[in-house]
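Summary of structural features
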Protein chains: 2
Amino acid sequence: MNEITCWFDFASNYSYLSVLRLARQKEVIVHWKPFLLGPIFKELGWNNSPFVLQKDKGDYVWMDMPRQCAKYDLPWRQPSEFPRRSILAARVALLGDHQPWIAEFCARTMLANFEHDEDIGNETVIAGILTSIGLDADALLTAAQSDDNKARLRARTEEARALHIFGAPTFFAGADMYWGNDRLDDALAAALHR
Amino acid sequence: MNEITCWFDFASNYSYLSVLRLARQKEVIVHWKPFLLGPIFKELGWNNSPFVLQKDKGDYVWMDMPRQCAKYDLPWRQPSEFPRRSILAARVALLGDHQPWIAEFCARTMLANFEHDEDIGNETVIAGILTSIGLDADALLTAAQSDDNKARLRARTEEARALHIFGAPTFFAGADMYWGNDRLDDALAAALHR
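The model shown is predicted, which means the values in this text are computed figures rather than measured ones. (Residues numbered from 1 in each chain as written. Chains lettered and ligands numbered in written order. Predicted model: local features only at pLDDT ≥ 70, side-chain atom pairs only at ≥ 80, totals over all residues. Heavy atoms only, no water.)

1. Some points on the overall build of chain A
To be explicit about the condition: Helix numbers and strand numbers start at the N terminus; a helix is a DSSP run of H or I with at least 4 residues, a strand a run of E with at least 2. We take the radius of gyration over the C-alpha atoms and set the globule estimate at 2.2 Å times the residue count to the 0.38 power. Each residue's exposure class comes from its accessible area (1.4 Å probe, protein chains only) as a fraction of the maximum for that residue type: buried when under 20%, exposed when over 50%, partly exposed otherwise. The contact criterion used is simple: two residues touch if any of their non-hydrogen atoms lie within 4.5 Å. Only the protein chains shown count as covering a residue, and every accessible area follows the Shrake-Rupley method with a 1.4 Å probe. Counting rule for charge: Lys and Arg are taken as positive, Asp and Glu as negative, and neither His nor the chain ends is counted. In plain terms, the charge of a residue is placed at NZ if it is Lys, CZ if Arg, CG if Asp and CD if Glu.
Regarding its fold elements, chain A presents 10 helices and four strands. Helices (α) and strands (β) of chain A occur, in sequence order from the N terminus, as β-α-β-α-α-α-α-α-α-α-α-β-β-α. Computed over its C-alpha atoms, the radius of gyration of chain A comes to 16 Å, within 12% of the 16 Å expected for a compact globule of 194 residues. Seen through its principal axes, chain A has C-alpha atoms that stretch 40 × 40 × 35 Å. Relative to its 194 residues, chain A shows a buried fraction of 52%. Across chain A, the fraction of contacts at a sequence separation of at least 24, relative to all contacts at a separation of at least 6, is 73%. Here chain A displays about 8700 Å² of accessible surface, and carbon together with sulfur accounts for 51% of that area. Once the 21 positive and 26 negative side-chain charges of chain A are each reduced to a mean point, those two points are 2 Å apart.

This is the structure:
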């Protein structure tokens, strides 16, 4: 079976590109691994995204994104708030592990952030996404905020750290790690040929 | 005329990929802009390459480089010292502005660092490269270390800062900036279509 693991943060703009590209393809099975970059950045001494902390890099990224979206035929609007709080979306996505709706939820949540400029940290926005794909929003939001599920997200982020993940998106094809949307083609090629 | 400007540091491994790729192609005219990343990193509070300061990222980079070199059909040996002092090579390359030997000097110096694991901070190594392409090594090394030329390199690095360059390689096609070897194809496409 051709499989790829995609580690991503819903707040990450380059994760947006990869999540949409993977949600649209049918060649490989995707294991979706939402996690939080914040704790990993904090260990590096960063209290925010490098795109905020390093002004020149940040300015460049917002020039780069529309070009990248044009290349991949993806919609784009620069979020009015960056990075958005992604913890709620990540907790909900954890509930989608091995569920048929996981890819659709991830894609729609990314589009809410990077096409529609919606606050994905807001329960109403996430409820709207869940409802739009025919799911029980109230039940899922309650389960997402349970202590067990909060612990699962902490464990997921610990797992990312144990894998030496330092940014998002990060892919694995077998044991081989690929960092960044710019390596997604390489990761897919590796997954297809193994 | 199809033109691209390539800003690079001889110590930078991703610059190595781009310098070799550009030296081998004949579609666009390349304006070679060696500069020093060190002063720019220092302004960000970094006293070394992020590939040294961020261990997980550094470990990843040394896994990524052989894969990238295989993709571009380039030789690769991980330097035993990283990053190497690139100031001498940059000063010599400045003398090659508008000279027919500039591309060859840049390519051979990069190969010395990233294929042959030679210390490009050493005068003997640079002299060997200059001699190998039929140039007067003594005369060029003397000119490279003149006060005028040292001032030119400082001005070059100031120019990089004024352009908001924050990493290497960085390309310009017209006014459009592209960061990283992963954007070289996009930069070339932009240069060819303008």
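Now that the structure has been shown, the text picks up again.
2. Concerning the pattern of salt bridges
Quick note on the threshold: We count a salt bridge whenever a side-chain nitrogen from Lys or Arg sits within 4 Å of a carboxyl oxygen from Asp or Glu.
Scanning the model with the defined rule gives 28 salt bridges over all chains in all. Its salt-bridge partner being R161 of chain A, residue E43 of chain A comes within 2.7 Å of it at the nearest N-O pair. Taken as a pair, E43 of chain A in helix α2 (residues 38-43) and R161 of chain A in helix α9 (residues 147-162) lie far apart in primary sequence, 118 residues in all. Classification of R161 of chain A by relative accessible area gives partly exposed; the value is 22%. The partner of R161 of chain A in a salt bridge is E158 of chain A, and the shortest N-O contact between them spans 2.2 Å. With R161 of chain A and E158 of chain A both in helix α9 and three residues apart, the pair spans about one turn of that helix. For E158 of chain A, a relative accessible area of 43% translates into the label partly exposed. Here the residues in one salt-bridge network are D64, R67 and D182 of chain A together with R183 of chain B, joined through shared partners.

3. Description of the relation of the copies chain B and chain A
In plain terms, the rule: The atoms used to superpose the copies are C-alpha atoms, taken from residues with pLDDT of at least 70 in both, and the fit is least squares.
After a rotation of 180 degrees and a shift along the axis of 0.0 Å, chain B superposes on chain A with an RMSD of 0.0 Å. Expressed as a symmetry operation, the mapping of one chain copy onto the other fits a two-fold axis. Among all residues of chain B, the minimum C-alpha distance to the rotation axis is found for D182 of chain B, at 3.3 Å. Both copies contact each other with a shared surface, as 100% of the interface residues of chain B are interface residues in chain A too.

4. Let's talk about the pairing of strand β4 (residues 176-179) of chain A
All names here are of chain A. Note the threshold: Strands qualify as paired when DSSP identifies two bridges or more between them.
The pairing of strand β3 (residues 170-173) with β4 spans four bridges and is antiparallel. Paired with F171 across the strands is Y178, a residue of β4. If you look at the hairpin formed by β3 and β4, you'll find two residues sitting between the two strands, and G174 has a positive phi there, around 60 degrees.

5. Concerning the interface of chain B and chain A
Applicable threshold: Values labelled buried area give the accessible surface lost by two parts on being combined, using a 1.4 Å probe and summing over both.
Between chain B and chain A, the residue contacts involve 21 residues of the former and 21 residues of the latter. Where chain B abuts chain A, roughly 2000 Å² becomes buried across the two surfaces, and 49% of that area is made up of carbon and sulfur atoms. The tally of links from chain B across to chain A stands at six salt bridges. One salt bridge connects D64 of chain B with R183 of chain A, and the closest N-O pair in it is separated by 2.9 Å.

6. Examining the environment of L141 of chain B
Residues and elements named next belong to chain B. Position of L141 relative to the elements: it lies in helix α8 (residues 137-144). Judged by relative accessible area, L141 falls into the buried class, the value being 8%. C-alpha of L141 to C-alpha of A162: the two residues are 21 residues apart in sequence and 28 Å apart in space. What L141 contacts, discounting residues up to four positions off in sequence, is L88, V92, E123, I126, A127 and L130.

7. Here we look at the sheet that holds strand β4 (residues 176-179) of chain B
All names here are of chain B. Selection criterion: Helix axes use the C-alpha atoms of the stretch in contact, all axes being lines fitted to C-alpha atoms, and the angles between their N-to-C directions lie in the range 0 to 180 degrees.
One open sheet holds the four strands; their spatial order is β2-β1-β3-β4, and the pairing between them is mixed. If you trace the sheet from one side to the other, it starts and ends with β2 (29-34) and β4, each paired once. Within the sheet, the average angular offset between the axes of one strand and its neighbour, ignoring direction, is 20 degrees. Two elements, strand β1 (residues 3-8) and β2, share six bridges in a ladder whose sense is parallel.

8. Here we look at the confidence of the model for chain A
Note the threshold: For every residue, the predictor reports its confidence as pLDDT, a number between 0 and 100.
Of all residues in chain A, 99% have pLDDT values of 70 or greater, and the mean over the chain is 96. With a pTM of 0.94, the predicted complex shows an ipTM of 0.91.

9. Observations concerning the packing of helix α1 (residues 13-24) of chain B against helix α10 (residues 184-193) of chain B
All names here are of chain B. Our working definition: Each crossing gets its handedness from the near helix: less than a right angle anticlockwise from the far helix is left-handed, clockwise is right-handed. Residue type decides the class: Asp, Glu, Lys and Arg count as charged, Ala, Val, Leu, Ile, Met, Phe, Trp, Tyr, Cys and Pro as nonpolar, and the leftover types, Gly among them, as polar.
Across the interface, α1 lies against α10 with an axial gap of 11 Å and an inter-helix angle of 35 degrees. As for the relative orientation of α1 and α10, their crossing is right-handed in sense. Facing S18, R21 and L22 of α1, the residues of α10 in contact are L184, D185 and L188. When the residues that make up the contact of α1 with α10 are grouped by side-chain class, the tally is three nonpolar, one polar and two charged.

10. So, the pairing of β3 of chain A
Residues and elements named next belong to chain A. Burial along β3 is two-sided: T170 and F172 facing one way and F171 and A173 facing the other are all buried. Summarising the sheet, strand β1 (residues 3-8) and β3 pair through three bridges and their orientation is antiparallel. Following the sheet pairing, W7 is matched in β3 by T170.

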